[in-house]
Amino acid sequence: MGNLAGFAAYVDDRKRVVAQVEKRLLDLQKKYESFFQEVSAVRRSELAQLSAHFAERRGRLPDGLDTSLDAAKAEAGAHWARTLAAHEAEHARYAAEAEAARSAALAIEQEAHQENVDLDAEEEELKARSERVCADIQSFTARIREASRGLGFIFRLPELRSLQAERQRLEREQLDLAARIEALRARWEERAPQHRERAAEQEAQWVALTAKAQREQTQIEYLLEAADQLVAQTALERVLFERVPEGPAEGAPNSNCPRCGVLNTARFFCAICAARLSTDRPDLEGSLLEVAELNQHFERFSEGMRACQELIGLVRGIRSGLQSFARSVQSMVATQERYPVRALRIDVPPAVVEQGRQFDALLAAVSDPQQLHPAAFAAMVGRASAAFGQEALKHYFETMGHELSVQAKAQWG
């Protein structure tokens, strides 16, 4: 029976294989991106050549291209109108929202100003009352002082007590007024930043929405100014980019790609990496054939990049799971080394070993030169996604984890 070190070695080996898969996928992704950019550039060049040919021979184009262009132009015109209407609707929406934000900011400022005016008026009223109370206190103080003079104050004690009580009431009122004035000022000090913050938020929205409205207006102006050119260009692209290769010419010799070395029968571009196999044909008929092959490559490499990105994400998830599981196993190894427990006897479950072989199969698949073909690669990604689906991977890790738990409980208690 195996041991814990062997179990850890198995997990580390699977990590190594998956890391190799990821590296090859990243390299392949770079190739796809490079090939895609190259195909896109050549496709644009062919489009420019064909645009000149079509302009020169309009009305005398072969293979019913004139009719196709007329139909495509009608469709492109309708699409242009829908696009323009969409931008106009977006511009109207952003402009309305921007105006609402501006109005809200102004309303907040006006509200703050009015509240400030109201508070100022209230404060002035309180201050005026405080001054009147202060004058009354001084008056009562003078009367008390006058009533206290000479021996006759004994006969004026009731009056003095009344005057003293009133003065004390006035002093309490003055303190209350002073407190209310301070509370009023504190209220404004608290509310002013809130007003400023709310106004700033609305102003920021106004600026952002105005910028969006301006971008939409720029798009509208561009669509209006370049309407004829855009419709014509779109129609031409629709007609040309829908073309598909006719296949190799009868009796065409096999040729080895100068870049990837793959033997293929394509006329103009390698069936695998889209490298040019023959010199450019600038004539109308030749350009039509070339753009048809390029269209196919364009779609394939688009799909290849998407599939590669999808598989990279899947493989990174697997690698992350293996890394986490490896830490758990290493923790058990540390426990075994640190404490007086006997060495754990454990084997990797056969089901796990069998399922783990899929990682080797995946590495072989992404290492196969023939998998450079994006169509074949996309199909392989479909198979890999099925083999490494969420339930399959859950079963893989849970089976290993269950075996570790069972054996640790049985042997360590």
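In every chain, residue numbers begin from 1 and rise along the written sequence. Local features in this predicted model are restricted to residues of pLDDT 70 or higher, and side-chain atom pairs are both shown and tallied only at a pLDDT of 80 or more, whereas totals for entire chains, interfaces and linings draw on every residue. Water and hydrogen atoms play no part in the side-chain values, which are based on all heavy atoms of the structure.

1. Some remarks on the packing of aromatic side chains
For step 1, the next point in the chain: Only Phe, Tyr and Trp rings take part, Trp by its six-membered ring, and two of them pair if their centres are within 6.5 Å. Stacked means planes under 30 degrees apart, edge-to-face means over 60, and tilted covers everything else. Counting across every chain of the model gives 8 aromatic pairs.
For step 2, the next point in the chain: Between Phe-359 and Tyr-396, the aromatic rings sit 5.6 Å apart at their centres with planes inclined by 85 degrees, giving edge-to-face as the arrangement. In this pair, Phe-359 sits in helix H6 (residues 350-367) while Tyr-396 sits in helix H8 (residues 390-412), placing the two residues 37 residues apart along the sequence.
For step 3, the next point in the chain: Between Tyr-396 and Phe-397, the ring centres sit 5.3 Å apart and the planes meet at 80 degrees, which makes this aromatic pair edge-to-face.
For step 4, the next point in the chain: Taking relative accessible area as the criterion, Tyr-396 reaches 1% and is therefore assigned buried.
For step 5, the next point in the chain: For the exposure calls, accessible area comes from a 1.4 Å probe over protein chains only, and a residue counts as buried if that area is under 20% of its type's maximum, exposed if over 50%, partly exposed in between. The class of Phe-397 is buried, set by a relative accessible area of 19%.
For step 6, the next point in the chain: An aromatic cluster is present here, built from Phe-7, Phe-325, Phe-359, Phe-388, Tyr-396 and Phe-397 joined pairwise through their rings.
For step 7, the next point in the chain: A ring has a charge above it when a Lys NZ or an Arg CZ is no more than 6 Å from the ring centre and no more than 35 degrees off the ring normal. Sitting above the plane of the Phe-241 ring, Arg-43 keeps its charged end 3.5 Å from the centroid. Helix and strand labels come from DSSP, where a helix needs a run of H or I of at least four residues and a strand needs a run of E of at least two; each type is numbered from the N terminus.

2. Details of the nonpolar core
For step 1, the next point in the chain: The biggest cluster of nonpolar side chains holds 60 residues, and the ones touching the most others in it are Phe-7, Leu-25, Leu-311, Leu-362, Phe-377 and Met-400.
For step 2, the next point in the chain: Element by element, the count of residues in this core is highest for helix H5 (residues 284-338), at 16 residues.
For step 3, the next point in the chain: Contacts of Leu-25, omitting those with residues within four sequence positions, involve Cys-308, Leu-311, Ile-312, Val-315, Val-366 and Phe-377.
For step 4, the next point in the chain: By nonpolar core is meant a set of buried Ala, Val, Leu, Ile, Met, Phe, Trp, Tyr and Cys residues that side-chain atoms within 4.5 Å join together. In this structure, Ala-76, Ala-235, Val-239 and Leu-240 belong to the second largest nonpolar core, which totals 21 residues. In this description, contact between two residues means that some pair of their heavy atoms is separated by no more than 4.5 Å.

3. With respect to unusual backbone geometry
For step 1, the next point in the chain: Of note in the backbone geometry, Asp-63 takes a positive phi value of approximately 60 degrees without being a glycine.
For step 2, the next point in the chain: Mapping Asp-63 onto the fold places it in the loop between helix H1 (4-57) and helix H2 (65-147).
For step 3, the next point in the chain: For Asp-63, a relative accessible area of 64% translates into the label exposed.
For step 4, the next point in the chain: The phi dihedral of Ala-274 is positive, around 70 degrees, even though this residue is not glycine.
For step 5, the next point in the chain: Within the secondary structure, Ala-274 sits in the loop between strand E2 (263-264) and H5.
For step 6, the next point in the chain: The buried category is assigned to Ala-274, whose relative accessible area is 3%.

Spatial relationships are all this shows, so hold off on functional conclusions.
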